[in-house]
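# Commentary on secondary and tertiary structure
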Amino acid sequence: MESDCLFCKIASGEINTQFLMETDDLVAFKDINPLAPVHVLFVPKRHIRSVNDLTEDDGPVLSKLIFAAKEMARQMGISATGYRLFFNVEKGGGQEVFHLHMHMIGGWE
Ligand code: 5GP
Ligand code: ZN
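Residues numbered from 1 in each chain as written. Chains lettered and ligands numbered in written order. Predicted model: local features only at pLDDT ≥ 70, side-chain atom pairs only at ≥ 80, totals over all residues. Heavy atoms only, no water.

## So, the overall build of the protein chain
- When helices and strands are counted, the protein chain shows two helices and five strands.
- Walking the protein chain from its N terminus toward its C terminus, one meets helices and strands in the order α-β-β-β-α-β-β.
- For the protein chain, the C-alpha radius of gyration of 13 Å lies close to 13 Å, the compact-globule estimate for 109 residues.
- Here the protein chain, with 109 residues, has 38% of them falling under the buried criterion.
- For the protein chain, restricting intrachain contacts to residue pairs at least 6 apart in sequence, the fraction spanning at least 24 positions comes to 52%.
- Surface exposure of the protein chain reaches about 6,600 Å², of which carbon and sulfur atoms provide 50%.
- Computed over 10 positive and 15 negative side-chain charges, the inter-centroid distance for the protein chain is 4 Å. (Helix = DSSP H or I, 4+ residues; strand = E, 2+ residues; numbered from the N terminus. Rg over C-alpha atoms; globule rule 2.2 N^0.38 Å. Buried < 20%, exposed > 50% of the residue type's maximum accessible area, 1.4 Å probe, protein only. Contact = heavy atoms within 4.5 Å. Areas by Shrake-Rupley, 256 points an atom, 1.4 Å probe, with all protein chains shown as cover. Lys, Arg positive; Asp, Glu negative; His and termini not counted. Charge placed at Lys NZ, Arg CZ, Asp CG, Glu CD.)

Here it is, written out as structure tokens:
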């Protein structure tokens, strides 16, 4: 855990946040500033700064993020209408919180 990291604090429960999903490896919660009717963030509990810092050993946790999103889409009823999954990478890529997270947006009519 990085002491000054917002998503470390959220994932560890230090900052109270309602989780939509929690496993040993990740948490999912609603984005505070949603870009779509459904906007969920999938965050590994372990601190990784960005996609640039991923190693081959992180393959399993990455795959868990995607399967968690697939299950969340099913639970939220947006599987059939569709959704976008994306990572912003570093400042030029629009990343504002430097703890790896995957966005899921969808739920449009
Ligand atoms: P980034 O731009 O780093 O890819 O995405 C960070 C996201 O985190 C933004 O969409 C922003 O709205 C969201 N966010 C920032 N602070 C908080 C917070 O305290 N709680 C929640 N739920 N989302 C946050
Ligand atoms: Zn962190």
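That covers the picture; the talk isn't over yet.
## What about the coordination of the zinc ion (ligand 2)?
- Within the protein, Cys5 (SG), Cys8 (SG), His47 (ND1) and His99 (ND1) serve as the donor atoms for the zinc ion (ligand 2), at 2.0 to 2.3 Å.
- Coordination at the zinc ion (ligand 2) is tetrahedral, judged from the four donor atoms that bind it and the angles of 104 to 115 degrees they form at the metal.
- Each donor residue of the zinc ion (ligand 2) lies on one chain, and together they are spaced C-x2-C-x38-H-x51-H. Of this pair, Cys8 sits in helix 1 (residues 6-12) while His99 is found in the loop between strand 4 (83-86) and strand 5 (102-106), placing the two residues 91 residues apart along the sequence. (Donors = N, O, S within 2.8 Å, 3.2 Å for Na, K, Ca; no water. Tetrahedral: all angles 85-135°; square planar, octahedral: opposite > 155°, others 65-115°.)

## Quick notes on the nonpolar core
- Counting 16 residues, the largest nonpolar core has Met21, Ala28, Val40, Phe42, Leu65, Met72 and Met104 as the members making the most contacts within it.
- Elements that contribute at least two residues to this core include exactly strand 2 (26-30), strand 3 (38-44), helix 2 (59-76) and strand 5.
- Among the elements that line this core, the one with the most residues is helix 2, at five residues.
- When near neighbours in sequence (up to four residues on either side) are disregarded, Met72 contacts Leu20, Met21, Ala28, Phe42 and Met104.
- Ranked by size, the runner-up nonpolar core spans nine residues in total, among them Ala11, Phe29, Leu41 and Val43. (Core = buried A, V, L, I, M, F, W, Y, C linked by side-chain atoms within 4.5 Å.)

## Overview of the layout of surface pockets
- Quantified by volume, the largest pocket comes out at close to 400 Å³.
- Every element with two or more residues in the lining of the largest pocket is listed here: helix 1, strand 2 and strand 3.
- No other element matches helix 1, which puts three residues into the lining of the largest pocket.
- The class makeup of the residues in the lining of the largest pocket is eight nonpolar, eight polar and three charged. (1 Å grid on protein atoms, 1.4 Å probe; cavity = no way out; pocket = protein on both sides within 12 Å on 5 of 7 lines; lining within 4 Å. Points joined across faces, edges and corners; volume = space filled by probe spheres on them. Nonpolar A, V, L, I, M, F, W, Y, C, P; charged D, E, K, R; others polar.)

## A word on the pairing of strand 5
- The buried count for strand 5 comes to five of five residues, which makes it a mostly enclosed element.
- Because side chains alternate across strand 5, one face comprises the buried residues Met102, Met104 and Gly106, and the other comprises His103 and Ile105, equally buried.
- Looking at chain direction, strand 3 and strand 5 are connected through five bridges and run antiparallel. Note that in strand 5 the partner of Val40 across the bridge is Met104. (Pairing = 2+ DSSP bridges.)

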